[in-house]
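Examining the three-dimensional arrangement
The chain contents come next:
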Amino acid sequence: MTELAPRATARIHPDAPEEPAPAGPTLRVVHESGDIDLAAAEAAAGQFLNALGISTSSESLRGTPGRMARAYAELFSPRPFDLTTFPNDEGYDELVLARRIPVRSVCEHHLLPFVGTAHVGYLPGGRILGLSKLARVVEHFACRPQVQERLTKQVADWLQTHLEPKGVGVVIEAEHSCMTLRGVQATGSSTMTSTLLGLLRSDARSRSEFLALTGAAS
Ligand SMILES: [Zn+2]
């Protein structure tokens, strides 16, 4: 009697079912970060404001340190999500692109917000992804102190690793309030960053199609 080798299961997350659903493996995406101590953050925010000569004794400012602490805690706490991939049964091999995904993040140099949009695309390999998940991946990496260049690359690298497509492209255009509200006060200026991997980098036709569709080529 021939003994069959144990069937390989594509479990990514330990809690995923032993028998994968037809949809494919599910990856629970949770941001690993330190614990948030809201009380300590509130006390520090009050001291911070006082050190800047802003009194928190008036009725309308009394709650400000607490609101500051909760606001930043929210900005640094991405929602966990499940990433399920599906077999690319139809052999779809054209570009899949989610355009104008909202980006909101906080620059790690000044802790001031930057906001903009992301265009995220990929050339499918063996598996495809729900389109809404592309936005979730962007949010996942945006909800932390960031620089735009790293954010762009992290989204692209993450998709390359977990989806193994034939190519990935990420373009982010954002306005940084540390540039528009202070310093050079370059009101209306925006910063554009892009990361192209695989065929979207090496194949001229795929690359120009992606950049044209995102508007980054103009
Ligand atoms: Zn900044």
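Note on numbering: residues in each chain are counted from 1, in written sequence order. Predicted model: local features are reported for residues with pLDDT of at least 70 only, side-chain atom pairs are reported and counted for 80 or more only, and whole-chain, interface and lining totals are derived from all residues. Each side-chain value is worked out from all heavy atoms of the structure, with water and hydrogens disregarded.

As annotated in an unreviewed UniProt entry, the chain carries the name GTP cyclohydrolase 1 and is attributed to Streptomyces iranensis. UniProt positions are given in the numbering used here, feature names are shortened, and annotations may be inferred rather than shown by experiment. Quoted straight from UniProt, the Pathway (unreviewed entry) entry for the chain says "Cofactor biosynthesis; 7,8-dihydroneopterin triphosphate biosynthesis; 7,8-dihydroneopterin triphosphate from GTP: step 1/1." One UniProt comment on the chain, placed under Sequence similarities (unreviewed entry), says "Belongs to the GTP cyclohydrolase I family."

**Some words on the packing of helix 1 (residues 38–51) against helix 3 (residues 64–75)**
Axis lines are fitted to C-alpha atoms, over the contacting stretch for helices. Their N-to-C directions set the angle, which ranges from 0 to 180 degrees. By the criteria applied, helices consist of DSSP H or I runs no shorter than four residues and strands consist of E runs no shorter than two, each listed in order from the N terminus. In contact at an axis separation of 8 Å, helix 1 and helix 3 are set at 125° when each is read in the N-to-C sense. Taken together, the axis directions place helix 1 and helix 3 in an arrangement best described as oblique. Crossing handedness for the pair helix 1 and helix 3: right-handed. For the pair formed by helix 1 and helix 3, the contact residues are Leu 38, Ala 41, Glu 42, Ala 45, Gly 46, Phe 48 and Leu 49 on the first element and Thr 64, Pro 65, Gly 66, Met 68, Ala 69, Arg 70 and Ala 73 on the second. Ten residue types, Ala, Val, Leu, Ile, Met, Phe, Trp, Tyr, Cys and Pro, are classed as nonpolar, four, Asp, Glu, Lys and Arg, as charged, and the remainder, Gly among them, as polar. Looking at the contact of helix 1 with helix 3 residue by residue, the class counts come to 9 nonpolar, 3 polar and 2 charged. Between 65 and 115 degrees an angle is taken as roughly perpendicular, under 35 as roughly parallel, over 145 as roughly antiparallel, and anywhere else as oblique. Crossings are sorted by hand: turned counterclockwise from the far helix by less than a right angle, the near helix makes the crossing left-handed, and turned clockwise it makes it right-handed. Contacts are assigned to residue pairs that have any heavy atoms within 4.5 Å of one another.

**What to know about the sheet that holds strand 5 (residues 127–129)**
One open sheet accounts for 3 strands, arranged 1-2-5; its pairing is antiparallel. Only two strands of the sheet have a single neighbouring strand rather than two, namely strand 1 (26–29) and strand 5. Ignoring strand direction, the axes of neighbouring strands in this sheet form an average angle of 30°. Running over the sheet, helix 4 (residues 131–142) touches strand 1, strand 2 (81–87) and strand 5 and is turned about 140° from strand 2. Together, strand 1, strand 2 and strand 5 form the strand contacts of helix 5 (residues 148–163), whose direction differs from that of strand 5 by roughly 135°. When DSSP finds two or more bridges between a pair of strands, those strands are recorded as paired.

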